[in-house]
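A closer look at the structure
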Amino acid sequence: MSDAHESRFVIRDRNWHPKALTPDYKTSVLRSPRQALVSIPQSLSETSGPDFSHLKMGRHDNDLLLNFNQGGLPIGERIIVAGRVCDQYGKPIPHTLVEMWQANAGGRYRHKKDSYLAPLDPNFGGVGRTLTDRDGNYSFRTVKPGPYPWRNGPNDWRPAHIHVSISGPSIATRLITQLYFEGDPLIPMCPIVKSISSQEAVQSLIAKLDMSMANPMDCLAYRFDIVLRGQRKTHFENC
Amino acid sequence: MPVQLLPETPSQTAGPYVHIGLALEAAGNPPREQEICHVMAKPGAPGEHILLMGHLYDGNGQLIRDAFLEFWQANHEGVYDTGYALEKSFNCFGRTATTDVGEWTINTVKPGVVKNALGFPMAGHINVSVFARGINIHLQTRLYFDDETEANAADPVLNLIEQPHRRESLIAKRCRVDGKLAYRFDIHLQGESETVFFDF
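Residues numbered from 1 in each chain as written. Chains lettered and ligands numbered in written order. Predicted model: local features only at pLDDT ≥ 70, side-chain atom pairs only at ≥ 80, totals over all residues. Heavy atoms only, no water.

**Overview of the interface of chain A and chain B**
- With 86 residues of chain A in contact, the opposing surface of chain B contributes 72 residues.
- Counting across the chain A and chain B interface gives 10 salt bridges.
- Note that Arg142 of chain B is salt-bridged to Glu46 of chain A, the shortest N-O span being 2.7 Å.
- Summed over the shared surface of chain A and chain B, the number is 49 residue pairs in polar contact (both at pLDDT 80 or more).
- Among the elements of the structure, strand E2 (38-39), helix H1 (44-47), strand E3 (78-87), strand E4 (97-102), strand E5 (127-131), strand E9 (161-166), strand E10 (175-181) and strand E13 (226-228) of chain A are those that each provide at least two residues to the side of chain A that touches chain B. (Contact = heavy atoms within 4.5 Å. Salt bridge = Lys/Arg side-chain N within 4 Å of Asp/Glu carboxyl O. Polar contact = N/O pair within 3.5 Å; in protein donor to acceptor, adjacent residues only side chain to side chain. Helix = DSSP H or I, 4+ residues; strand = E, 2+ residues; numbered from the N terminus.)

Structure, rendered in structure tokens:
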């Protein structure tokens, strides 16, 4: 961003985010640093970041009902997932890249390493991307992903979720997270969800049914708003 | 009451299938017309062309084969050109994933010197973010170059690392691959040679 020189980003609250080591999510045991993170001041290397507003999107990149079409529609509940990306001051973040990926309605990913019993859907790829509009809004159309079992505890299941990746104005705002769906009883049982200690923080990852955005006789809609680190101007700094 | 800002959306792991969303070919899927990729510098780009490569290791020293990494660096003149476009010969941003044999690669040019907020020059470096299954919030580090001994010794960020021997974990090792200049940068998520990760 052009004003990166004069910007700083609000420091991340690392007690709000999940900690690196969360032993109930077993893979984190060997993949979490044991040393403390080293705090460094933000320089241009941290306050700048890529601007993807000129990346050419395909016509259906944000429409998972159509972007892997092999002559039919995917099986599953048709839904819209939409929301707004803003920063911690409530300022909308325009023209930023939002990417997402998910399992199909049966809980199976189109990934060469996923071997779950549920079948692939020939008409579903499970990947989408879009840019937010000038007011920070984004939307996707897809099917609701299914829950699936995973090797962690002997009988652990992931709640239905969509992975969401947001770029934001700087590498300091980079974020990858997962959205869950209101009313899913698997949410409070999930060791990955429980890597977050604050219930309020967990709630902020649960997309809410939004009947006002649903298309009658067509699809339901869920709202998922995203907050990235606040960007502020520097005042009286370093002089 | 101090001023309360909106809380940032909390992170969740990118998981084992991150590639279907962000590195489609690594998942075995066809790419779209335009994909953000590991070629940051095309052959005609100005600057000293280098291949970056490395492995990631877990706390038992086992290779991590499902990682996804992002790179952000200045161009050869030390300028951050933020606009990403595949038509350009050089982009300051790149993405890569570890393959089934556990190695990642990036084609880029050696970055120029950038000054920190106090106007002090930093040694040429690349900001690296690491995402993978088991990583709840991405890890942020920097890659430096082992043939920049003097600049590294004066680098204001490296010097914030209290134990000098830990600074070594951020220094990529110069080598040659198929006759071309390359640097090897192995990342250890945990253990004796644990890489330094930053908070900023």
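**What about a nonpolar patch on the surface?**
- Taken together, the side chains of Leu209, Met211 and Leu220 of chain A make up a nonpolar region of the molecular surface, amounting to roughly 260 Å² of accessible area.
- With respect to the helices and strands, Leu220 of chain A occurs in strand E12 (residues 220-223). (Patch = residues over 30% accessible without salt bridge, like charges linked within 9 Å, V, L, I, M, F, W, Y side chains within 5 Å. Areas by Shrake-Rupley, 256 points an atom, 1.4 Å probe, with all protein chains shown as cover.)

**Focus on the confidence of the model for chain B**
- Residues at a pLDDT of 70 or more form 100% of chain B, whose mean pLDDT is 97.
- Model confidence for the complex: the whole-complex pTM is 0.97, and ipTM, which rates the interface, is 0.97. (pLDDT = per-residue confidence, 0-100.)

**Examining the packing of aromatic side chains**
- In this structure the tally under the stated criterion is 12 aromatic pairs over all chains.
- Between Tyr25 of chain A and Trp150 of chain A the ring centres are 5.7 Å apart and the planes differ by 65°, which places this aromatic pair in the edge-to-face class. With Tyr25 of chain A in the loop between strand E1 (7-9) and E2 and Trp150 of chain A in strand E7 (residues 148-150), this residue pair connects regions lying 125 residues apart in the sequence.
- Residue classification places Tyr25 of chain A among the buried positions, given a relative accessible area of 2%.
- Residue Trp150 of chain A is classed as buried on the basis of its relative accessible area of 16%.
- Ring geometry for Phe145 of chain B and Tyr183 of chain B: centres 4.8 Å apart, planes at 80°, overall edge-to-face. With Phe145 of chain B in strand E8 (residues 139-145) and Tyr183 of chain B in strand E10 (residues 180-184), the pair connects residues that are 38 residues apart, well separated along the chain.
- Residue Tyr183 of chain B is classed as buried on the basis of its relative accessible area, which comes to 0%.
- Taken together, Phe52 of chain A together with Tyr84 and Phe93 of chain B form an aromatic cluster joined through their ring pairs. (Phe/Tyr/Trp six-rings, centres within 6.5 Å; stacked < 30°, edge-to-face > 60°. Buried < 20%, exposed > 50% of the residue type's maximum accessible area, 1.4 Å probe, protein only.)

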